[in-house]
Amino acid sequence: MQHSPPRAMNTMLARVSLIRSSIALVQESLLVRQVCVPRIVLTHAFASKKELQEKIKRPPTAYQLFASANREQLAKLNPDRPKQEITKALHDRWREMSEEEKNPYKEEHDKQMNLYKAPLEKLPKKPPGVFGLFVKENYSRITSGLSPGSTAPDVMRELSSEWNSMSDDDKEQLKEKYDSLVDEYNKQILTFDQNLTDEERAFLLQKRGEEMRTLAKKKRKLLNVGKPRLPPGPFVRFMLNSLGEVESESPVERLKILGQRWQQLSDEEKEVYIEEYRLAREQYVQDLAEWKAKHPDAE
């Protein structure tokens, strides 16, 4: 019995492996961004989680505003219609409305969102690093000196070259200017924090929580790059080997046929796949132990 995968299957598996390798390389090159909301806004204590959730409720969308304004009237006109039909009728009506008819709801949504996001708009901006300050001060000058059609990478190459050729004294002057900007920023943050309302502070706390969860998720992905994968079991190995032999176009039908064929195999025929899995599993356990030893902080 032939157990080697068909050429098409080998090609597909090779492509999957290449894609996974590419994804891993991209993940390794990711730079996890810093959370933009200063920690100082977390100093406020709330009475309860429920109170916090009530204060940071996200404004409704334009459609939700429309539905809320018209649901009761539509229900009164159609008392026998189920709620699902009322909702569908509202949805259909919204889709048929012109942009001019939708504008009042969109404007109200934008108004509420602006109020919701007001704390972020008032949040002082942290100054860039020393090199970032150098780029900010010289970007326009470098751009104007380059030939037409120059790209942003061309500008950055020129800036980097000029930065590398700067004297230590010039860099120290920029460093002092940067330190002065940071001091001013810290003062602004203190004033900003003192003037926050409970609602604004709650919004920033929620925002920071969201970003911290995103940050933690990215870190987990980065830590798990290169983590050995559990090998496929005996039946999956049989399926990959036999998939090209099934002519049905329906994936469900293919799986059904392969399942029946697997059940019809003798114990000796199944043992081939079971042994392959056992060896792969032993290698996986060994590789995983080595990987965990190199990545003690990973999950």
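Residues numbered from 1 in each chain as written. Predicted model: local features only at pLDDT ≥ 70, side-chain atom pairs only at ≥ 80, totals over all residues. Heavy atoms only, no water.

- The name that an unreviewed UniProt entry assigns to the chain is HMG box domain-containing protein, with the source organism given as Pocillopora damicornis.

Considerations on the nonpolar core
Buried together is how nonpolar side chains tend to be arranged in soluble globular proteins.
Move 1: Residues V130, L133, F134, V135, I142, V155, L159, W163, M166, L174, Y178 and V182 constitute the largest nonpolar core, which totals 12 residues.
Move 2: Of all the secondary structure elements, the ones that give two or more residues to this core are α7 (130-145), α8 (152-165) and α9 (168-194).
Move 3: The element that contributes the greatest number of residues to this core is α7, accounting for five residues.
Move 4: The contacts of F134, once residues within four sequence positions are left out, are L159, E162, W163, M166 and L174.
Move 5: By size, the runner-up hydrophobic cluster in this structure holds nine residues, among which are Y116, L123, I189 and L204. (Core = buried A, V, L, I, M, F, W, Y, C linked by side-chain atoms within 4.5 Å. Buried < 20%, exposed > 50% of the residue type's maximum accessible area, 1.4 Å probe, protein only. Helix = DSSP H or I, 4+ residues; strand = E, 2+ residues; numbered from the N terminus. Contact = heavy atoms within 4.5 Å.)

Points about the packing of helix α11 (residues 234-242) against helix α12 (residues 251-264)
Move 1: Running from N to C, α11 and α12 cross one another at 115 degrees; their axes reach a closest spacing of 10 Å. Regarding α11 and α12, the two cross each other, and that crossing is right-handed. Residues P234, F235, F238, M239 and S242 of α11 lie in contact with α12, whose contacting residues are L255, L258, G259, R261 and W262.
Move 2: Here the residues of the contact of α11 with α12 sort into seven nonpolar, two polar and one charged. (Axes fitted to C-alpha atoms, helices over the stretch in contact; angles between N-to-C directions. Left-handed = near helix turned anticlockwise from the far one by under 90°. Nonpolar A, V, L, I, M, F, W, Y, C, P; charged D, E, K, R; others polar.)

Some remarks on helix α4 (residues 83-96)
Move 1: Spanning 14 residues, α4 covers 20 Å between terminal C-alpha atoms, matching the ideal 20 Å at 1.5 Å per step.
Move 2: Turning to α4, its buried residues number three or more, namely I86, L90 and W94. Down the axis of α4, the smallest arc covering the buried residues is 75 degrees, so these residues share one side. Those residues of α4 that are exposed and aimed more than 90 degrees away from the buried face are Q84, K88, R95 and E96.
Move 3: For α4, the secondary structure elements touched by its buried residues are α3 (62-77) and α5 (99-116). (Expected span 1.5 Å × (residues − 1). Arc of directions from axis to C-beta.)

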